[in-house]
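Each chain, written out:
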Amino acid sequence: MSFVEYSEFIQEGDVVIIFLGHDSMMPIKVEAGAQTQTRYGAIRHSSDLIGRRFGSKVTCSKGGWVYVLHPTPELWTVNLPHRTQILYTTDIANITLMLDLKPGSIVCESGTGSGSLSHAILRTIAPSGHLHTVEFHAQRAEKAAQEFKEHKVAHLVTVRNQDVCKEGFGVVGVADAVFLDIPSPWEAVTHAKKAFKRKGGRLCSFSPCIEQVQRTCEALLEQGFEEICTVEVLQRVHDVRSVTLHLPDFGPEDGGAESAKMASEEVLLAANSSHPSVTCRTATAPREMAGHTGYLTFATKPRG
Amino acid sequence: GIETGTRSTQMICITVKCNILYRTKMIFEKQWMFMDNSVGELYGSTFEVDSGGKLILRKPNNTEDPTDTKGAGLDNRHIVDDGKSQKLTRDDIESLKEQGLKGQEIIQQLIDNSTTFRDKTEFAQEKYIKKKKKKYESNVTVLKPTSRILAMMYHGREPGKVCHLRYDTLAQMLTIGNIHAGSKVVVFETCAGLVLGSVMERMGGHGSVIQLYPGGGPVRAGMESFGFPSHFHNTLHEFPLCKVNALLSGTLNVSEKDLDSQSNGRSDEQGSSSQVSTDRGDESSSEPQSMEVSTDPAEAKKKEDSEKLREQKVKKRVRMEEKRKRLAAAAALLEGQNADGLVIASRFHPCPVLLGLLKFVAPSRPFVVYCQYREPLIECYTKLREQGGAVSLRLTDSWLRHYQVLPNRTHPVLLMSGGGGYLLSGITVTADAAATSGSQQKSGEPAAKRIKLDEIKSTSDSSA
């Protein structure tokens, strides 16, 4: 298993995702002899996981069952331990497309945070690209490096514990893309500029507050960046369900006989009521949804 | 080469894709131009279009002389819009153009001849100049195609060709589908090859892509626009939809007779380069010279004709053999039923397509289906729940908003996309013999009554 390459069978040392049910998952590090408790019972790693195929059904000690899934950056994003607020797949997907990321891309990123975006970038730039990621918090930098190693992607990434606004990314003239998710991105723009290859590349800055966006756009314009563009993107989920709607009873029509003529095939008589109803298969909105994560500002650093 | 041009006016980028043909006039945004002078220049170069339509390279860091504005007003309380504030007539402007005045100079003339310009606020002046620049300046930037640029272009200019797939929705598909180098991806799309090309861009020439196609042949015009290096094409395979059942039942017969009837029905958008890679070589190969010289002209003609016929037959046989090989190769990739991903984006009803093609996908792999409309995906979701074999089913759509960010003028852009289509995504699991039922209702949806506070919290926390 690795986060950048699929494999068929589970091996010791793998990180796998246990799927328990609707929106309920957990990551497990597979170790011979170990056990993991779930609400359906215990999972014994040696007999239930090692050697099994990814996607298999695993029966737990209490009799209930779960699925074991191959890790992907998307599954990792919703299961990783948060050390900071993280970026979610909706923003990550747009960042990936808008930065023109692909195999071989060299990317500079700051801050590393909990590594949510980092894993997605690594997946996209593998096998020939490289990620230079900068994190000013020492423990977070250490934890990120450790995770990259466990997830078998360490060869694609260099973690640096420094302040990008003061010291930059640690490399110059190599990047195809630069990503900033820091409190004061405008302070890092000159360093970002130096990180790019001579032919230029794409930049993205993620900021929750509009004031940060304004200052960043100003700095980008000053520094000669082009195609400056700020967007926000949100995902709306549609919950698929059947809904039953009652039909009104207007009383008997002229002639006295109740009209039982219903054209729709979906009409069924409600069990405990004499009133007919219609069942529709539809999708409803959840009660609440994520309304804001941050503003994404994209720009192009031109050649020269 | 294949390139794209953009007409950039500050934040607005409009693109078109064109094949560069020498000495051929091309029209873009009501501007005629010859692309000849762009050949040999670096991607990202900006050109000015002169009055004859020729491109003139603009040096980078070429800052224009600032427009002379001579002060501004505070608000518009005294500005009356009577349509008479501009003293230059349309004919005056035309003659200025004919005199060869540059866009910048024409704009300066317009400003000087406007009675209300200096009363406008600074913001209004900036807006006025920006508007005139768009109309009178002719700058064209030639960009290297990428998935981002092509997706934005198709959505902006030809949405019908891509089933109204908006670029942020495409972004979701590529990421949720975990498209990456080295995997084996099955693609079914009727988006002019844009989705196929985007998948190939993410694969970087590693792994394999099998394009399923309806009708006579796969449409790849959009994919060709990416300008991939030739070795990328080695990873691309195609397989006809009409042979899927045969493949699944093990009765697929890759014979010449089958291929013959297939090649007679070609889709209209199919370019000559999309079918078989050896086709490219065919056009340029010259006919072998006949060494025999006959004295009788009628005899010679007859000999020439039969020679041609024989050559054509040989060429056809070579093509058919090539085609047979390709079909067998694609079949070999599919019949293992171990693809790493499935991407569907078409005008076909997604339900049967999805249920049919999922059979080719290995367990614990993501799949993503795009549809312009919601109801067909609701049907897909329902059928998948019934049949099992998939978890983490999500029906989503993406909401996208652009912002104008300027000092004291920051606000969302006035016009917004109404919608970008819908996505159904999920992860395959080992299929169950019988559908799950009973207390462990893992695949069931939460009933309306059961929504609790912590579920609301979890839906608002994670947008993945």
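Residues numbered from 1 in each chain as written. Chains lettered and ligands numbered in written order. Predicted model: local features only at pLDDT ≥ 70, side-chain atom pairs only at ≥ 80, totals over all residues. Heavy atoms only, no water.

- Chain B carries the name tRNA (adenine(58)-N(1))-methyltransferase non-catalytic subunit TRM6 in an unreviewed UniProt entry, which gives Pygocentrus nattereri as its organism.
- Listed under Subcellular location (unreviewed entry) in UniProt, the entry text for chain B is "Nucleus".
- Annotation of chain B in UniProt includes, under Subunit (unreviewed entry), the sentence "Heterotetramer." (UniProt positions renumbered as here; feature names shortened; annotations may be inferred.)

- As named in an unreviewed UniProt entry, chain A is tRNA (adenine(58)-N(1))-methyltransferase catalytic subunit TRMT61A, taken from Pygocentrus nattereri.
- You can read under Subunit (unreviewed entry) in the UniProt record for chain A the words "Heterotetramer; composed of two copies of TRMT6 and two copies of TRMT61A."

Describing the overall build of chain A
Thought 1: In terms of helices and strands, chain A carries eight helices and 15 strands.
Thought 2: Taking 304 residues into account, the globule formula puts the C-alpha radius of gyration at 19 Å, and chain A, at 26 Å, lies well above it.
Thought 3: Based on the C-alpha atoms only, the size of chain A along its principal axes is roughly 85 × 55 × 30 Å.
Thought 4: Burial status across chain A gives 54% buried among its 304 residues.
Thought 5: Long-range contacts, defined as pairs at least 24 residues apart, comprise 63% of the intrachain contacts of chain A with a sequence gap of at least 6.
Thought 6: For chain A, the exposed surface amounts to about 13,300 Å²; the carbon and sulfur share of it is 51%. (Helix = DSSP H or I, 4+ residues; strand = E, 2+ residues; numbered from the N terminus. Rg over C-alpha atoms; globule rule 2.2 N^0.38 Å. Buried < 20%, exposed > 50% of the residue type's maximum accessible area, 1.4 Å probe, protein only. Contact = heavy atoms within 4.5 Å. Areas by Shrake-Rupley, 256 points an atom, 1.4 Å probe, with all protein chains shown as cover.)

A closer look at the confidence of the model for chain A
Thought 1: Across chain A, the average pLDDT comes to 93, with 93% of residues at or above 70.
Thought 2: Predicted confidence is poor over residues 261-267 of chain A, with pLDDT under 50, and the contacts of this stretch with residues over four places away or in other chains come to nine contacts. (pLDDT = per-residue confidence, 0-100.)

Thoughts on the environment of lysine 102 of chain A
Thought 1: Among the secondary structure elements, lysine 102 of chain A is positioned in the loop between α3 (89-98) and β7 (106-110).
Thought 2: Of the residues examined, lysine 102 of chain A reaches a relative accessible area of 33% and is grouped as partly exposed.
Thought 3: Separated by 24 residues in the primary sequence, lysine 102 of chain A and alanine 126 of chain A place their C-alpha atoms 8.0 Å from one another.
Thought 4: Once residues within four sequence positions are removed from consideration, lysine 102 of chain A is found in contact with Thr124 and Ile125 of chain A together with Glu201 of chain B.

Re unusual backbone geometry
Residues and elements named next belong to chain A.
Thought 1: A cis amide bond links serine 110 to the next residue, glycine 111, at an omega of 0°.
Thought 2: In this fold, glycine 111 is placed in the loop between β7 and α4 (116-125).
Thought 3: The backbone of lysine 152 shows a phi angle near 60°, a positive value even though the residue is not glycine.
Thought 4: With respect to the helices and strands, lysine 152 occurs in the loop between α5 (138-150) and β9 (157-160).
Thought 5: Since its relative accessible area comes to 40%, lysine 152 is described here as partly exposed.

Observations regarding helix α4 (residues 147-157) of chain B
Thought 1: Counted residue by residue, α4 of chain B has eight buried out of 11 residues, so it is predominantly covered.
Thought 2: Within the sequence span of α4 of chain B, burial applies to Ser147, Arg148, Ile149, Leu150, Ala151, Met153, Tyr154 and His155 of chain B.

Thoughts on the pattern of salt bridges
All names here are of chain A.
Thought 1: Scanning the entire structure with this criterion turns up 22 salt bridges over all chains.
Thought 2: The shortest N-O distance in the salt bridge between aspartate 163 and lysine 166 comes to 3.3 Å.
Thought 3: Judged by relative accessible area, lysine 166 falls into the exposed class, the value being 65%.
Thought 4: Bridged by salt links that share partners, the residues Arg83, Lys143 and Glu147 form one connected network. (Salt bridge = Lys/Arg side-chain N within 4 Å of Asp/Glu carboxyl O.)

Observations regarding the confidence of the model for chain B
Should the pLDDT be low somewhere, the predicted coordinates at that spot are not to be read in detail.
Residues and elements named next belong to chain B.
Thought 1: Here chain B averages 82 in pLDDT, while 78% of its residues score no lower than 70.
Thought 2: Predicted confidence for residues 261-290 stays below pLDDT 50, and this span has 42 contacts to residues more than four positions away or in other chains.
Thought 3: Within the model, pLDDT remains below 50 along residues 443-464, and this stretch shows 34 contacts once partners closer than five positions in the same chain are excluded.
Thought 4: Predicted complex metrics record ipTM = 0.93 and pTM = 0.85.

Overview of the domain arrangement of chain A
Residue and element names in this part refer to chain A.
Thought 1: Assigned domains of chain A: these are domain 1 (15-71), domain 2 (76-233 + 292-301) and domain 3 (239-284).
Thought 2: Measuring from the centre of the C-alpha atoms in domain 1 to the corresponding centre in domain 2 gives 33 Å.
Thought 3: Taken together, the contact pairs six residues of domain 1 with five residues of domain 2.
Thought 4: The junction of domain 1 with domain 2 conceals about 450 Å² of combined surface from both sides, 67% of it contributed by carbon and sulfur atoms. (Domains from an automatic or database assignment. Buried area = accessible area lost by both parts, 1.4 Å probe.)

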